[in-house]
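Structure assessment
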Amino acid sequence: MKKGIITFASLLMISASAFAQMTCVVAHRGYWDTDGSAQNSIRALVKADSIGCYGSEFDVWLTADKKLVVNHDADINGVHIETSKAKDVLAQKLRNGENVPTLEQYLDQSLSLKPRLILELKAHQDKKHEEEAVLAILKLVKARNLEANIEYITFSKEAFQNFIKYAPKGTPVFYLSGDLSPREIKEMGGAGIDYHYKVLKKNPWWIDECHALNLRVNAWTVNKEKDMQWCIKHGVDIITTNAPELLQQLLLEK
Ligand code: MG
């Protein structure tokens, strides 16, 4: 009997260890903090692949003339993306010398790479424009047969709902803003929460609540070792970081 209990305890330890090993690493804006790379550059996506990340995150905007482009801020070098023409946005240079990529270029590059695409649609001022962005993204992704390799994230509640409404059933869609409970996310049809790690530290029971609801938990943007360790210890499924190699090292040491 005692032997049976020990065996069961051992199995629990093994499964807990396996769970920790399975923490997924997402490179925030690609793996940019390395030679020759830049945030949201094509190179950053390639670099994320080169170190074996689970996913590579990037940010998407729709220009005034309906072209999807990859960039974090609403402006680049004084050009306001949402209200500017694509030719003016795409002429802008990133820190590594690349031009601002189109989403098409980004998706095309990903076809030869392994990381899952973690596409963040930025919250647009014009919500009609934002809905057009959702539909245009889904069209490009479908045309490249990438639907099984992409996850959507957004701070916009409207875009969150529109991705759930328009994407193929089962497409993972995560909400970033941190103001909805796991139950609310579940009721809206989301795949999980993708919240700032400080939100999770304030509401650590949300992690177990998500798992009980079959939702996944992603934490952003976790760059310090102690915060990574907290997330790993508390069962966060996916960690988005600017330091993917540090996180991979910590997971290997577990
Ligand atoms: Mg982002």
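Worth saying up front: this structure is predicted, and the values here are computed from it rather than measured.

Here's the deal with the overall build of the protein chain
Looking only at helices and strands, the protein chain features 11 helices and 11 strands. Here the protein chain holds 254 residues, and 52% of them are scored as buried. At a minimum sequence separation of 6, the contacts of the protein chain that also span at least 24 residues come to 55%. Charged side chains of the protein chain number 32 positive and 32 negative; the gap between the two group centres comes to 4 Å.

With respect to the coordination of the magnesium ion
Surrounding the magnesium ion are the protein donor atoms Glu 57 (OE), Asp 59 (OD) and Glu 120 (OE), at 2.0 to 2.1 Å. Each donor residue of the magnesium ion lies on one chain, and together they are spaced E-x1-D-x60-E. Taken together, the residues Asp 59 in strand 2 (residues 55–62) and Glu 120 in strand 6 (residues 116–121) connect sequence positions 61 residues apart. In terms of burial, Asp 59 and Glu 120 fall into one category: buried.

Remarks on the pairing of strand 11 (residues 238–241)
A two-sided burial pattern is seen for strand 11, the buried positions comprising Ile 238 and Thr 240 on one face and Ile 239 and Thr 241 on the other. Where strand 10 (residues 216–220) and strand 11 come together, two bridges link them in parallel fashion. By the bridge assignment for strand 11, Asn 218 is matched with Ile 238. For the segment spanning strand 10, helix 10 (residues 225–233) and strand 11, crossover handedness is right-handed.

Let's talk about the side chain of Asn 218
Turning to its location among the elements, Asn 218 is positioned in strand 10. Ignoring sequence-local partners within four residues, the contact set of Asn 218 consists of Ile 193, Asp 194, Tyr 195, Leu 200, Val 236, Ile 238, Ile 239 and Thr 240.

Points about the confidence of the model for the protein chain
Taken residue by residue, the protein chain gives an average pLDDT of 93. The fraction at 70 or more is 92%. Scored below 50 in pLDDT, residues 1–21 makes eight contacts in the model with residues more than four places away or belonging to other chains.

Concerning helix 6 (residues 157–166)
All buried positions along helix 6 are accounted for by Ala 159, Phe 160, Asn 162 and Phe 163. Here the buried residues of helix 6 occupy an arc of 170° about the axis, which is enough to place them on one side. Residues of helix 6 that are buried sit in contact with strand 6, helix 5 (127–143), strand 7 (150–154), strand 8 (173–175) and helix 7 (182–188).

Describing unusual backbone geometry
Most peptide bonds take the trans configuration, and most residues that are not glycine carry a negative phi. Even without being glycine, Asn 40 reaches a positive phi, approximately 60°. Following the sequence through the fold, Asn 40 ends up in the loop between strand 1 (24–27) and helix 2 (42–50). With a relative accessible area of 2%, Asn 40 lands in the buried category. Positive phi values are uncommon outside glycine, yet Asn 145 reaches one of about 60°.

Quick word on the pattern of salt bridges
What the rule picks out here adds up to 14 salt bridges. The closest approach of N and O atoms between Glu 104 and Lys 67, which form a salt bridge, is 2.9 Å. Of this pair, Glu 104 sits in helix 4 (residues 103–110) while Lys 67 sits in the loop between strand 2 and strand 3 (68–70), and the two are 37 residues apart along the sequence. The exposure class assigned to Glu 104 is partly exposed, which follows from its relative accessible area of 27%. Between Arg 144 and Glu 104 there is a salt bridge, with its nearest N and O atoms 3.9 Å apart. Of this pair, Arg 144 sits in the loop between helix 5 and strand 7 while Glu 104 is found in helix 4, placing the two residues 40 residues apart along the sequence. Residue Arg 144 is classed as buried on the basis of its relative accessible area of 18%. It is possible to trace a salt-bridge network through shared partners that takes in Lys 67, Glu 104, Asp 108 and Arg 144.

What counts and what doesn't
Residues numbered from 1 in each chain as written. Predicted model: local features only at pLDDT ≥ 70, side-chain atom pairs only at ≥ 80, totals over all residues. Heavy atoms only, no water. Helix = DSSP H or I, 4+ residues; strand = E, 2+ residues; numbered from the N terminus. Buried < 20%, exposed > 50% of the residue type's maximum accessible area, 1.4 Å probe, protein only. Contact = heavy atoms within 4.5 Å. Lys, Arg positive; Asp, Glu negative; His and termini not counted. Charge placed at Lys NZ, Arg CZ, Asp CG, Glu CD. Donors = N, O, S within 2.8 Å, 3.2 Å for Na, K, Ca; no water. Pairing = 2+ DSSP bridges. Right-handed = clockwise from strand over helix to strand, strands pointing away. pLDDT = per-residue confidence, 0-100. Arc of directions from axis to C-beta. Salt bridge = Lys/Arg side-chain N within 4 Å of Asp/Glu carboxyl O.

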